[in-house]
Amino acid sequence: MILTLLPALPFLSILLGAFVLMLLSHKKSISLESFNVTALFFLTLALFFELITFGLHSGDYLYPSIFKNFFIFDEFAAIFDVMFLIGTIFTLLVNSDYLKSRNYFSGEYFALLLFSLFGMLMLSHAHELLTAFIALEIASLSVYALVGYHKSKKVSSEAMMKYMVLGSLAGVFFILGTALIYALVGSTTLESIALYLHNAEEKDITLLVVGGSFLMVTILFKIGAVPFHSWVVDVYHGAPYPITMYMASTFKIAIFAIALRLYLVDFATINSFWLEMLQIVTILTLIGGSFLAISQTLVKRMLAGSSIVHSGYLLIGLSSIGLGSDIAAPAIMFYLIAYFLSAVGSFGILSFIASQSRRQMSYDDFKGFANRRPYMALMMTIFMLSLAGFPSTIGFLGKFYIFSAAIESGQILLAGLGIFTAFVSVYYYFKLIAMMYFYESQTDKQKSFPLNVSTLSIALIALLVIWGGIGTSLLSFIPGADGFIDLAKQAINSL
Amino acid sequence: MSADPFFLLVAILFSIGLIGVASRKNLFVVYMSIELMLSSVNLLLAILSQVLGDANASVIALLLIAVIAAEAALFLAIITHLYRENRTLDSDRFKNLSKVR
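Calculation criteria
Residues numbered from 1 in each chain as written. Chains lettered and ligands numbered in written order. Predicted model: local features only at pLDDT ≥ 70, side-chain atom pairs only at ≥ 80, totals over all residues. Helix = DSSP H or I, 4+ residues; strand = E, 2+ residues; numbered from the N terminus. Buried ≥ 20, exposed ≤ 12 C-beta atoms within 10 Å, placed from the backbone. Contact = placed C-beta atoms within 7 Å. Rg over C-alpha atoms; globule rule 2.2 N^0.38 Å. pLDDT = per-residue confidence, 0-100. Nonpolar A, V, L, I, M, F, W, Y, C, P; charged D, E, K, R; others polar. Axes fitted to C-alpha atoms, helices over the stretch in contact; angles between N-to-C directions. Parallel < 35°, antiparallel > 145°, perpendicular 65-115°, else oblique. Left-handed = near helix turned anticlockwise from the far one by under 90°. Expected span 1.5 Å × (residues − 1).

### Focus on the overall build of chain B
When you go through chain B residue by residue, the secondary structure sums to four helices and zero strands. Counting only C-alpha atoms and orienting by the principal axes, one finds that chain B spans roughly 55 × 25 × 25 Å. When each of the 101 residues of chain B is scored for burial, the buried share is 26%. If you take every contact in chain B between residues at least 6 apart in sequence, the share linking residues at least 24 apart comes to 43%.

Printed below as a string of structure tokens:
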């Protein structure tokens, strides 16, 4: 009997970890490092369970006698789980320096982080709309609280307020869509929706199309696509660096987990209804995001604006799925990894600098950065090149797959616009590189490279970015990017 | 008895909520508008449960109440916090983020 819970061990250990940290957090005598190590222990445990059960329970449901078919276990969800877990581990490792430099962090920070991770894990396994909604709310409510974690800072509270009002408003549409779909189908499990769509005639499914569009509103809001983007730059700016990193990378992957599951499998037969809407949103996202990113002077806000553009690239992949491109879904998964690595790296360097000084980092503060910290500047350059999509970095391969998917499905306009915005993005990414290398520093003192957990994990991410870009062609015996694409294709087929 | 008037009621409540979020300045009223929207969806689910003769929708409505309560806890916390810090709840006064370029 207890064996039926075996595949759920990853998220049970995360939940256990979250409760343990929550219970311990009132003890002031425990240091932040101990909390960090405890959180990392539970994360590694979950990752270990995830890896040993990988592919063993394909198509099983969790505890069917109680949960019926609400939670599914397949390779698709497992790949996403691994991404969330690695993302959270990197977030904790990279920020271990930043945590020490700020006095407002406490044990609850780690508990909230694990609770939101638990919500994301549920989200990737959810096979029923209400389960998906509750999982999304668990993840979002914890992230709302984390955004406002710096209580005494006015911007932080303000960002939390903005995010909460708009995020709950978007959440209402998800549940309204669920109710409308329920009204037509009589059930909210994804299986029965797909079955209904298979048998229904076109005139019967109006309510389902409306409901599905409402679900899409929430998804587009959470990834920051353009008509729903007004929160992104402000919230990313107001949140503490670790949370910004977490939202830009891990949380965005989680939303795509549910989006891919919904639009790849269950709404696959009626994807054409949303196609034009999705294409217009994509065009707006690419152009609007570029404008936002160009106009910023703070590097953190520029990265927030550019994250909207990256959502736009991912949306190109999503609309290619509707046109029957085979490579589109694996391309989205690959791009998520590529963006996640580069974003964690670049936000990690920002949080490293922020842990040394209290300044808000504008472009001007980076003048002469290469003289002061040559290795840090080198890594930042690698991340910027990867975000801009330069060859020999993982970002280039991600964009390559996305644009091939767009061309394969005949969306030449979107592919062309994507390439154009990639050129525009060179402006705001290379501005930072130029600031670091071509300007004199005010304090011309070279500092040594500090060897600690944060900097070493940033260096590891920088190596991964390079390896993802060139590893396949130089070292043939090490699995590279192609290996992941094959894995992703296999996972998509398992859906 | 036909269920149509109830669906109309749901539509009216939802629209009032949406208009409230869009047009009111006081954060507390904005929060109440969001709650109104969520509750109207809950009412829709209760009606559907009656119309379709299926208990599933009632269960969904019950679960949703828990979600709404969790959201209320966070909302009330941030509203009291903002009032303590700024002595106002007028959403026009929270402009620190839009000042930075």
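### As for the overall build of chain A
In terms of regular secondary structure, chain A is built from 21 helices and two strands. Relative to the compact-globule value of 23 Å for 495 residues, chain A shows a C-alpha radius of gyration of 22 Å, a close match. For chain A, the spread of C-alpha atoms along the principal axes amounts to about 70 × 55 × 50 Å. Taking all 495 residues of chain A together, the buried fraction comes to 58%. Long-range contacts, defined as pairs at least 24 residues apart, comprise 80% of the intrachain contacts of chain A with a sequence gap of at least 6.

### As for the confidence of the model for chain B
The pLDDT averaged across chain B works out to 91; a share of 98% of its residues lies at or above 70. Scoring of the predicted complex yields 0.93 for pTM and 0.95 for ipTM.

### Let's talk about the environment of B:Asn56
Residue and element names in this part refer to chain B. Looking at the secondary structure, you find Asn56 in helix α3 (residues 56-86). Exposure remark for Asn56: the 17 C-beta atoms within 10 Å place this residue in the partly exposed category. Sequence-wise, Asn56 and Ala46 are 10 residues apart; in three dimensions their C-alpha atoms are separated by 9.6 Å.

### Notes on the interface of chain B and chain A
Between chain B and chain A, the residue contacts involve 31 residues of the former and 33 residues of the latter. For the side of chain B that touches chain A, the secondary-structure elements that each account for two or more residues are α2 (27-52), α3 and α4 (96-99) of chain B. Ranked by residue count, the leading element in the side of chain B that touches chain A is α3(B), at 14 residues. Its residues placed into classes, the side of chain B that touches chain A shows 24 nonpolar, three polar and four charged.

### Notes on the packing of helix α6 (residues 107-125) of chain A against helix α12 (residues 241-266) of chain A
All names here are of chain A. The interhelical angle for the contact between α6 and α12, taken along N-to-C directions, is 20 degrees, at an axis separation of 8 Å. By the angle between their axes, α6 is roughly parallel relative to α12. For the element pair α6 and α12, the recorded crossing hand is left-handed. Residues Met120, Leu123 and Ser124 of α6 pack against Thr250, Ala254, Ala257 and Ile258 of α12. A breakdown of the residues in the contact of α6 with α12 according to their chemical character gives five nonpolar, two polar and no charged.

### Notes on helix α15 (residues 328-356) of chain A
Taking 1.5 Å of rise per residue, the 29 residues of α15(A) would be expected to cover 42 Å, and the 42 Å separating its terminal C-alpha atoms lies within 8% of that figure. Among the 29 residues that make up α15(A), 27 are buried, leaving the element largely enclosed by the rest of the structure.

### So, helix α10 (residues 206-223) of chain A
An α-helix turns once every 3.6 residues. As a result, residues three or four positions apart point the same way. Residue and element names in this part refer to chain A. Taking 1.5 Å per residue, 18 residues should reach 26 Å; α10 reaches 26 Å between its end C-alpha atoms and fits that length. Residues of α10 that are buried in the fold lie against α8 (154-185), α12, α13 (272-294) and α14 (299-322). Remark: Gly224 follows α10 within two positions and exhibits a positive phi of approximately 80 degrees.

### Here we look at the environment of A:Leu9
Residue and element names in this part refer to chain A. Tracing the backbone shows Leu9 in helix α1 (residues 9-24). Under the C-beta neighbour-count criterion, Leu9 is labelled partly exposed, with 17 such atoms within 10 Å. As for Leu9 and Leu47, which are separated by 38 residues in sequence, their C-alpha atoms are 9.8 Å apart.

### Some thoughts on the packing of α13(A) against α14(A)
All names here are of chain A. Interaxial distance between α13 and α14 falls to 8 Å at its minimum, and their mutual angle equals 160 degrees. Between α13 and α14, the interaxial angle falls into the category roughly antiparallel. For the element pair α13 and α14, the recorded crossing hand is left-handed. Residue classes in the contact of α13 with α14 are distributed as 13 nonpolar, 13 polar and no charged.

### What to know about the environment of A:Phe430
Residues and elements named next belong to chain A. By secondary structure assignment, the location of Phe430 is in helix α19 (residues 412-438). Assessed through the 15 C-beta atoms surrounding it within 10 Å, Phe430 is described here as partly exposed. In sequence terms Phe430 and Ala388 are 42 residues apart; their C-alpha atoms lie 8.5 Å from each other.

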